[in-house]
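# Summary of the model geometry
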Amino acid sequence: AGRAELATVTLPDGNKWTYTYSGTLRPETRTSDSLPPLPQCQGLPLGFTNTFKVIAEHPSGAQGTFEFGNVRHFRSGVHATECMLLTADPEPSYKLLVPFFSDVMSLTSKVITGPGLPAPLTWTYDYGSALEGLWGSYSSQPVYPCTTCTESKTVTVTNPDGTRTRQTFGIRYRSN
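The structure reproduced in this document is the subject of the present report. Every value quoted in this text rests on a predicted model; they were computed, and no experiment measured them.

Here we take up the state of the cysteines. If you walk through the whole model with that rule in mind, you get 2 disulfides. Between the sulfur of cysteine 41 and that of cysteine 83 lies a disulfide, 2.1 Å long from S to S. Between cysteine 41 and cysteine 83, the S-S dihedral sits near 80 degrees, and the bridge is therefore right-handed. Of this pair, cysteine 41 sits in the loop between strand S2 (16-23) and strand S3 (51-57) while cysteine 83 sits in strand S5 (residues 83-87); the two residues are 42 residues apart in sequence, bridging distant segments of the chain. Here cysteine 41 and cysteine 83 have matching classes, each one buried.

Encoded structure:
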């Protein structure tokens, strides 16, 4: 099926913004057979490899190019008891009731070019990749939130002048 994407916006004065796209925001379809086994829910399936690009052109000729890629974002504080044993024989099978990660299309770079700019202005985004697994034991009930689990993560934006901006986001389950 085709997808409807915004192609132009005509302003009251007749000038137009235009938009072009490449790649896809839609993740690949996977069957459960294509995922690796998750022994006690500690394993991770392969991440998606999708990329997506949007180019927005201003009536003046300035262009913004926005690139996205799949990024695996982890959260901390998901207790081991959130992993449920489905079948024990002949090979154990588990289901994770509360995920400790999500695969999300995330902005990886933006570039602004156009009249009056001596060079392209480029920003890049680094989301970090610290693995946060399950905490606690399978035989004890959790007391949420986990006070010993990682509370936050830092996203680093590299600006056109080379300076960096660090943004902090809470990642602890049932806490922030």
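Now, onward.
Take the packing of aromatic side chains next. Taken as a whole, this structure holds 7 aromatic pairs when the rule is applied. Between phenylalanine 100 and phenylalanine 101, the aromatic rings sit 5.5 Å apart at their centres with planes inclined by 75 degrees, giving edge-to-face as the arrangement. Take phenylalanine 100 and phenylalanine 101: they sit in the same class, and that class is buried. When the ring of tryptophan 135 is compared with that of tyrosine 144, the centres are 6.3 Å apart and the planes differ by 80 degrees; the resulting orientation is edge-to-face. Under the relative-accessibility criterion, tyrosine 144 is labelled buried at 18%. A connected cluster of aromatic rings, assembled from ring pairs, spans Tyr21, Phe52 and Phe68. Sitting above the plane of the tryptophan 123 ring, lysine 110 keeps its charged end 4.7 Å from the centroid.

Turning next to the environment of serine 129. Checked against the element boundaries, serine 129 lands in the loop between strand S8 (121-126) and strand S9 (152-158). Serine 129 gets classed as exposed once you look at its relative accessible area, which sits at 63%. For the pair serine 129 and arginine 72, spaced 57 residues apart in sequence, the C-alpha separation works out to 7.4 Å.

Cut-offs applied
Counting restarts for each chain, with residues numbered from 1 along the sequence as it is written. It should be noted that, the model being predicted, local features are given only for residues of pLDDT at least 70 and side-chain atom pairs only at 80 or more, the latter also being counted only at that level, while totals for whole chains, interfaces and linings use all residues. With hydrogens and water stripped out, all remaining heavy atoms of the structure feed into the side-chain values. Two cysteine sulfur atoms form a disulfide, by the criterion used here, when they sit within 2.5 Å. Helix and strand assignments follow DSSP, with helices taken as H or I runs no shorter than four residues and strands as E runs no shorter than two, numbered in order from the N terminus. Each residue is placed in one exposure class: buried if its accessible area under a 1.4 Å probe, protein chains only, is under 20% of its type's maximum, exposed if it is over 50%, and partly exposed if it falls in between. To pair, rings of Phe, Tyr and Trp, with the six-membered ring standing in for Trp, must have centres within 6.5 Å; the planes then decide the type, stacked if under 30 degrees apart, edge-to-face if over 60, and tilted in the middle. The rule is short: NZ of Lys or CZ of Arg within 6 Å of the ring centre and within 35 degrees of the ring normal puts a charge over the ring.

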